[in-house]
Amino acid sequence: MTVNLEVADGVGTIRLDRPPMNALDIATQDRLRELAEEVTRRDDVRAVVIWGGEKVFAAGADIKEMQAMDHPAMVVRSKALQDSFTAVARIPKPVVAAVTGYALGGGCELALCADFRIAGDNAKLGQPEILLGLIPGAGGTQRLARLVGPSKAKDLIFTGRHVKAEEALAIGLVDRVVPAAEVYEHAHAWAARLATGPALALRAAKESVDAGLETDIDTGLTIERNWFAGLFATEDRETGMRSFVEEGPGKAKFR
């Protein structure tokens, strides 16, 4: 398999495994969708790490495979490509990308699907599709602009340049930079901490933020209000409030 799933202590690690550069061919894209749907269903997965290994996250699409495709073929395939990445973005649980080495093209777009990005100090991110006479096709024009703003997104997309870890942190493309050898350790720790939290409240928080960004503020406030009120029907809300009253903040243990 080009992508594998390992689950331990509530954390599911989706591991890209297509050496040497984890090129995202069609089989890898489809496997990503399958595993995103699996971790969405599984109750034993409470948070997710996306990881490409110690050397590289993903250096982009399989260009040789794409070169052989004509317009009709890509009209059909482009929807499946986007659906694979959207399945990752819509995992209703906390997702962190652990980025080492190159995260270019589809690799950068995959990292954009996470809620949080931890990069190694050797990371290089970018959307170089323009150098092939193309634009990003797996969400890059949309998710990148929403994350770093339209001007910075256009800079990266128009030029195709690579961004080193320090600049990626400065523009908000990644959220933390750590030594390359410690990327997975930090990402797993982030996920493990959230894996012990209230699953429904975390799902509500993620959906409220993500859905709210796609609409006007009044509709976003309605989404938030409905989730907020709905959580009063959950056991986790009872547990959290009871623990706060009896023991003080931050001591609740959620099932």
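See the structure shown above.
Residues numbered from 1 in each chain as written. Predicted model: local features only at pLDDT ≥ 70, side-chain atom pairs only at ≥ 80, totals over all residues. Heavy atoms only, no water.

## Quick word on a negative patch on the surface
Here is step 1 of the chain: A contiguous patch of negative charge on the surface is contributed by Asp 121, Glu 166, Glu 182 and Glu 185.
Here is step 2 of the chain: Inspection of the secondary structure puts Glu 185 in helix H8 (residues 183-195). (Patch = residues over 30% accessible without salt bridge, like charges linked within 9 Å, V, L, I, M, F, W, Y side chains within 5 Å. Areas by Shrake-Rupley, 256 points an atom, 1.4 Å probe, with all protein chains shown as cover. Salt bridge = Lys/Arg side-chain N within 4 Å of Asp/Glu carboxyl O. Lys, Arg positive; Asp, Glu negative; His and termini not counted. Charge placed at Lys NZ, Arg CZ, Asp CG, Glu CD. Helix = DSSP H or I, 4+ residues; strand = E, 2+ residues; numbered from the N terminus.)

## Examining H8
Since the α-helix packs 3.6 residues into each turn, any two residues three or four apart lie on the same face.
Here is step 1 of the chain: Compared with an ideal rise of 1.5 Å per residue, which puts 13 residues at 18 Å, H8 spans 18 Å between its outermost C-alpha atoms and is within 8% of the ideal.
Here is step 2 of the chain: Along H8, the residues that are buried comprise Val 183, Ala 187, Trp 190, Ala 191, Leu 194 and Ala 195. One side of H8 holds all its buried residues, which, seen down the axis, span an arc of 140°. Summarising the geometry of H8, the exposed residues directed more than 90 degrees from the buried face are Glu 185 and Arg 193. (Expected span 1.5 Å × (residues − 1). Buried < 20%, exposed > 50% of the residue type's maximum accessible area, 1.4 Å probe, protein only. Arc of directions from axis to C-beta.)

## What to know about the pairing of strand E2 (residues 11-16)
Here is step 1 of the chain: Within E2, five of the six residues are buried, which leaves it mostly tucked inside the rest of the structure.
Here is step 2 of the chain: With six bridges joining them, strand E1 (residues 3-8) and E2 adopt antiparallel strand pairing. Within E2, the residue paired with Val 7 across the bridge is Gly 12.
Here is step 3 of the chain: Here E1 hands over to E2 after two residues, with Asp 9 in that stretch at a positive phi of 55°.
Here is step 4 of the chain: With helix H1 (residues 26-41) bridging E2 and its parallel neighbour strand E3 (residues 47-51), the resulting β-α-β unit is right-handed. (Pairing = 2+ DSSP bridges. Right-handed = clockwise from strand over helix to strand, strands pointing away.)

## Looking at the side chain of Thr 2
Here is step 1 of the chain: By secondary structure assignment, the location of Thr 2 is in the segment before E1.
Here is step 2 of the chain: Excluding anything up to four places from it in sequence, Thr 2 contacts Arg 15, Leu 16, Asp 17, Arg 18, Ala 27, Thr 28 and Arg 31. (Contact = heavy atoms within 4.5 Å.)

## Structural notes on the sheet that holds strand E8 (residues 163-164)
Here is step 1 of the chain: In space, the three strands of this open sheet follow the order E5-E7-E8, with mixed pairing throughout. Looking at strand neighbours, the two that pair on one side only are strand E5 (102-104) and E8, the edges of this open sheet.
Here is step 2 of the chain: In terms of strand pairing, E5 meets strand E7 (residues 124-126) through three bridges, oriented parallel. Counted as the bridge partner of Leu 104 is Gly 126 from E7.

## Quick word on helix H10 (residues 217-230)
Here is step 1 of the chain: Its 14 residues place the ends of H10 20 Å apart at the C-alpha level, agreeing with the 20 Å of an ideal helix rising 1.5 Å per residue.
Here is step 2 of the chain: Capping of H10 at its N-terminal end is provided by Asp 216; its side-chain oxygen lies 3.1 Å from the backbone amide nitrogen of Asp 218. (Polar contact = N/O pair within 3.5 Å; in protein donor to acceptor, adjacent residues only side chain to side chain.)

## Some points on the packing of helix H9 (residues 199-213) against H10
Here is step 1 of the chain: Where H9 contacts H10, the two axes come as close as 9 Å, and the packing angle between them is 170°. Between H9 and H10, the interaxial angle falls into the category roughly antiparallel. Residue-level contacts link Leu 200, Arg 203, Ala 204, Glu 207, Ser 208, Ala 211 and Gly 212 of H9 to Gly 220, Ile 223, Glu 224 and Trp 227 of H10.
Here is step 2 of the chain: Split into classes, the residues belonging to the contact of H9 with H10 amount to five nonpolar, three polar and three charged. (Axes fitted to C-alpha atoms, helices over the stretch in contact; angles between N-to-C directions. Parallel < 35°, antiparallel > 145°, perpendicular 65-115°, else oblique. Nonpolar A, V, L, I, M, F, W, Y, C, P; charged D, E, K, R; others polar.)

## So, the layout of surface pockets
Here is step 1 of the chain: Taken as a whole, the largest pocket holds about 1,000 Å³ of empty space.
Here is step 2 of the chain: Together, 32 residues line the largest pocket, and Ala 89, Cys 113, Arg 143, Asp 210 and Glu 214 are the ones closest to its centre.
Here is step 3 of the chain: Residue assignment for the lining of the largest pocket shows that the elements contributing at least two residues are helix H3 (71-89), helix H5 (140-148) and H9.
Here is step 4 of the chain: Ranked by residue count, the leading element in the lining of the largest pocket is H9, at nine residues.
Here is step 5 of the chain: Tallied by class, the residues present in the lining of the largest pocket amount to 15 nonpolar, six polar and 11 charged.
Here is step 6 of the chain: Quantified by volume, the second largest pocket comes out at close to 560 Å³.
Here is step 7 of the chain: Elements with a contribution of two residues or more to the lining of the second largest pocket: H1, helix H2 (63-67), H3 and helix H4 (106-112). (1 Å grid on protein atoms, 1.4 Å probe; cavity = no way out; pocket = protein on both sides within 12 Å on 5 of 7 lines; lining within 4 Å. Points joined across faces, edges and corners; volume = space filled by probe spheres on them.)

## Focus: a nonpolar patch on the surface
Here is step 1 of the chain: On the surface, a nonpolar cluster with roughly 260 Å² of combined accessible area is contributed by Ile 63, Leu 132 and Leu 134.
Here is step 2 of the chain: Here Leu 134 lies in the loop between E7 and H5.
Here is step 3 of the chain: Take Leu 134: its relative accessible area is 38%, and that puts it in the partly exposed class.

## Regarding the packing of aromatic side chains
Here is step 1 of the chain: Per the stated rule, a full pass over the model turns up three aromatic pairs.
Here is step 2 of the chain: Judged by centre distance (5.1 Å) and plane angle (5°), the rings of Phe 116 and Trp 190 are stacked. One end of the pair, Phe 116, is in strand E6 (residues 116-120); the other, Trp 190, is in helix H8, with 74 residues separating them in the sequence. Each member of the pair, Phe 116 as well as Trp 190, carries the same accessibility label: buried.
Here is step 3 of the chain: Pairing Phe 228 with Phe 232 gives two aromatic rings, centres 5.6 Å apart and planes at 70°, and the pair type is edge-to-face.
Here is step 4 of the chain: A relative accessible area of 55% places Phe 228 in the exposed class.
Here is step 5 of the chain: We classify Phe 232 as partly exposed; its relative accessible area is 38%. (Phe/Tyr/Trp six-rings, centres within 6.5 Å; stacked < 30°, edge-to-face > 60°.)

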